[in-house]
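Here's the letter readout for the chains.
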Amino acid sequence: MIWSRKIEDMIYHIYYMHDCQNQTKQMEKLKSICMNEINSHPELKQALTDDKAIEYFIIQMALENIA
């Protein structure tokens, strides 16, 4: 699985669902945060087995990193 693309696709999906797809800077920052977390903790790849798990992970990362 190509994690970068999967994370990017799910972030776009989440933002599109909430009609926020024009928030490209926030989407790029969130992707960076998610990829850094995955690269720092490779065991996450085993937990992110389906779209729901990936969506939950992305939302969790967004909430933890609200500035």
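See the structure above.
What counts, and at which threshold
- Residues numbered from 1 in each chain as written.
- Predicted model: local features only at pLDDT ≥ 70, side-chain atom pairs only at ≥ 80, totals over all residues.
- Heavy atoms only, no water.
- Helix = DSSP H or I, 4+ residues; strand = E, 2+ residues; numbered from the N terminus.
- Expected span 1.5 Å × (residues − 1).
- Buried < 20%, exposed > 50% of the residue type's maximum accessible area, 1.4 Å probe, protein only.
- Arc of directions from axis to C-beta.
- Contact = heavy atoms within 4.5 Å.
- Salt bridge = Lys/Arg side-chain N within 4 Å of Asp/Glu carboxyl O.
- Patch = residues over 30% accessible without salt bridge, like charges linked within 9 Å, V, L, I, M, F, W, Y side chains within 5 Å.
- Areas by Shrake-Rupley, 256 points an atom, 1.4 Å probe, with all protein chains shown as cover.
- Phe/Tyr/Trp six-rings, centres within 6.5 Å; stacked < 30°, edge-to-face > 60°.

Visitor: What am I meant to see in helix 2 (residues 24–40) here?
Guide: In an α-helix there are 3.6 residues to a turn, and that puts residues three or four apart on one side. Taking 1.5 Å per residue as the helical rise, helix 2 with its 17 residues ought to reach 24 Å, and the 24 Å between its terminal C-alpha atoms agrees with that figure. For helix 2, the complete set of buried residues consists of Met27, Leu30, Cys34, Met35 and Ile38. Along the axis of helix 2, the buried residues cluster in a sector spanning 135°; they form a single face. Residues of helix 2 that are exposed and point more than 90 degrees away from the buried face comprise Lys25, Glu28, Lys29, Asn39 and Ser40. If you follow the buried residues of helix 2, they end up packed against helix 1 (3–17), helix 3 (44–47) and helix 4 (51–64).

Visitor: How should I be thinking about the pattern of salt bridges in this particular structure?
Guide: Oppositely charged side chains can pair when the atoms bearing their charge come close. Throughout the structure, instances matching the rule amount to four salt bridges. A salt bridge links Asp9 to Arg5; its shortest N-O distance comes to 3.3 Å. With Asp9 and Arg5 both in helix 1 and four residues apart, this pair spans about one turn of that helix. On the basis of relative accessibility, which here comes to 48%, the residue Arg5 falls in the partly exposed class. Close ionic contact of Glu55 with Lys52 constitutes a salt bridge, the shortest N to O distance being 3.7 Å.

Visitor: Could you clarify how one ought to interpret a nonpolar patch on the surface in this entry?
Guide: Residues Ile59, Leu63 and Ile66 make up a contiguous nonpolar surface patch of roughly 310 Å² in combined accessible area. Position of Ile59 among the secondary structure elements: in helix 4. On the basis of relative accessible area, Ile59 is assigned to the partly exposed category, the value being 36%.

Visitor: Where do I start with the packing of aromatic side chains in this structure?
Guide: Centre-to-centre distance and the angle between the planes together describe a pair of aromatic rings. The full count for this structure, using the stated rule, is one aromatic pair. Centre to centre, the rings of Tyr12 and Tyr16 are 5.9 Å apart; their planes meet at 25°, and the pair counts as stacked. Of the two residues, Tyr12 and Tyr16 both sit in helix 1, four residues apart, roughly one turn of that helix. With a relative accessible area of 42%, Tyr12 lands in the partly exposed category.

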